[in-house]
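# Per-entry structural report
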Amino acid sequence: MTDTARRRHALAHAQDGTALAYQVEGDGPPLVLLAGQANNHHWWERVRADFHATHSTITMDHRGTGDSGKPLEGYSTRQFAQDVIAVLDDLGIERADVYGTSMGGRVAQWVAADHAGRVRRLVLGCTSPGGPHAVERDTAVRRTLAQPDPRAVRAALIDLMYTPEWTAAHPGPYTTLGDPGMPAHAVRGHLVASNRHDAWDALPGIAAPTLVLHGDQDRLTPADNVPLLAARIPDARTHVLPGARHAYFEECRPQATTLVTEFLHA
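Bear in mind that the values here come from a model prediction, so they are computed numbers and not experimental data.

### Points about the sheet that holds strand 3 (residues 30-34)
On the basis of which strands lie adjacent, the open sheet formed by eight strands has the order 1-2-4-3-5-6-7-8 and mixed pairing. The strands lining the two open edges of the sheet, one partner per strand, are strand 1 (8-13) and strand 8 (237-241). Direction aside, neighbouring strands of the sheet carry axes that sit 20° apart on average. In the sheet, strand 5 (residues 96-101) pairs with strand 6 (residues 119-125) via five bridges, with the strands oriented parallel. Bridged to Y99 within strand 6 is V123. On top of the sheet, helix 2 (residues 77-91) reaches strand 1, strand 2 (19-25), strand 3, strand 4 (56-60) and strand 5; it is set at about 60° to strand 2, its chief contact.

Written as C-alpha cells, this is what we have:
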C-alpha cells in the first residue's frame with residue numbers, strides 16, 4: 001500500500017467557520033508538522049515518513065492553501081495557531097509534539113505560548129521571533145523575491161532553500177516553493193501574517209521543552225535568530241547545521257531527523 005493510500009484526509013473547522021484540511025499518517029504518539037508561508041502539507045512530503053517509526057504525523061493545509069478554505073480575512077500567525085488547535089480538537093488529541101519550520105515555526109511559537117497544555121515538546125526550525133527584535137533577511141534577498149518574473153523568483157527561491165550541490169543531485173520537483181493554487185488575496189494574507197509576527201513577549205511563557213534548529217547558510221531567515229529564540233524560551237536547546245540553507249530538513253535530512261527524533265524521546 002502506498003503512503004498516500006495510508007493517509008487519512010479530513011476536514012476540521014476554525015471558530016470563524018473556515019474549513020481546515022488535515023492529513024494523518026502512521027501510528028504512535030502524534031507529531032504535528034507545520035509548513036512554511038504560502039505552502040500546504042506537501043512541504044513535508046520528502047521527510048514525514050522518517051518519523052513514522054515512532055510517531056503518527058499530522059499535517060494541515062494552512063487557511064488559504066490546499067484544500068482548506070480561503071477567506072478574504074483572518075490571516076495571522078496567531079490565527080494559524082488557533083487553526084492547529086481546531087485540528088487537534090477534531091482529532092480528540094489533548095497533547096502533541098509540534099514541529100514547525102519557517103512560518104510554521106512562527107505558528108508553533110503561538111501554539112506553545114497560548115496553549116501550553118497542548119504541546120508536549122516543541123521544535124522550531126529556520127524561524128524567528130519576529131518583530132523589531134528579529135534579524136530579518138537582507139535587502140538583496142527581498143529585492144530578488146520581489147521580481148516580476150515568476151521564473152526568476154522560483155530560481156531565487158530554490159537557491160535560498162538548497163545548495164547548488166544538493167539540487168544538482170536532486171533535480172526536483174520541489175514541494176517547498178509555494179502552493180501554486182493559492183488565490184492572490186491568500187498569498188498576500190500569508191505574507192502579511194509572517195511579516196507581522198511578533199511573539200517576543202510571549203516566548204518566555206513557553207513551558208514545553210524546545211529544540212531550535214537552523215542552517216548556518218540560511219539567508220531567507222538568518223541563523224542569527226537562533227540565539228534570540230534560545231535566550232527567550234526557557235532552557236531551549238539549539239543546533240545549527242553547517243552548510244545548510246532554509247530547507248535544512250530536506251538537504252540535511254538524516255542528521256536533522258535524527259536530532260528531532262532523539263529530542264522527542266529525550
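### A few points about the pairing of strand 2
Judged by how many residues are buried, strand 2 sits mostly within the fold: seven of seven residues are covered. Neither face of strand 2 is exposed, since A19, A21, Q23 and E25 on one face and L20, Y22 and V24 on the opposite face are all buried. Relative to strand 2, strand 1 runs antiparallel, the two sharing six bridges. Bridging across to strand 2, R8 finds its partner in V24. Counted along the chain from strand 1 to the antiparallel partner strand 2, the turn is five residues long, and its residue G17 has a positive phi close to 90°. Both strand 2 and strand 4 contribute to a ladder of four bridges, which runs antiparallel. Residue pairing in the sheet places V24 in a bridge with I58 of strand 4.

### Quick notes on the environment of D216
Within the element layout of this structure, D216 appears in the loop between strand 7 (210-215) and helix 8 (225-232). Sequence-wise, D216 and R245 are 29 residues apart; in three dimensions their C-alpha atoms are separated by 6.7 Å. Those residues in contact with D216, other than ones at most four positions away along the chain, are A223, V240, L241, P242, G243 and A244. A distance of 3.3 Å separates the side chain of D216 from the side chain of Q217, its partner in a polar contact.

Here is what the cut-offs are and how they apply
- Residues numbered from 1 in each chain as written.
- Predicted model: local features only at pLDDT ≥ 70, side-chain atom pairs only at ≥ 80, totals over all residues.
- Heavy atoms only, no water.
- Pairing = 2+ DSSP bridges.
- Helix = DSSP H or I, 4+ residues; strand = E, 2+ residues; numbered from the N terminus.
- Axes fitted to C-alpha atoms, helices over the stretch in contact; angles between N-to-C directions.
- Contact = heavy atoms within 4.5 Å.
- Buried < 20%, exposed > 50% of the residue type's maximum accessible area, 1.4 Å probe, protein only.
- Polar contact = N/O pair within 3.5 Å; in protein donor to acceptor, adjacent residues only side chain to side chain.

Spatial relationships are all this shows, so hold off on functional conclusions.
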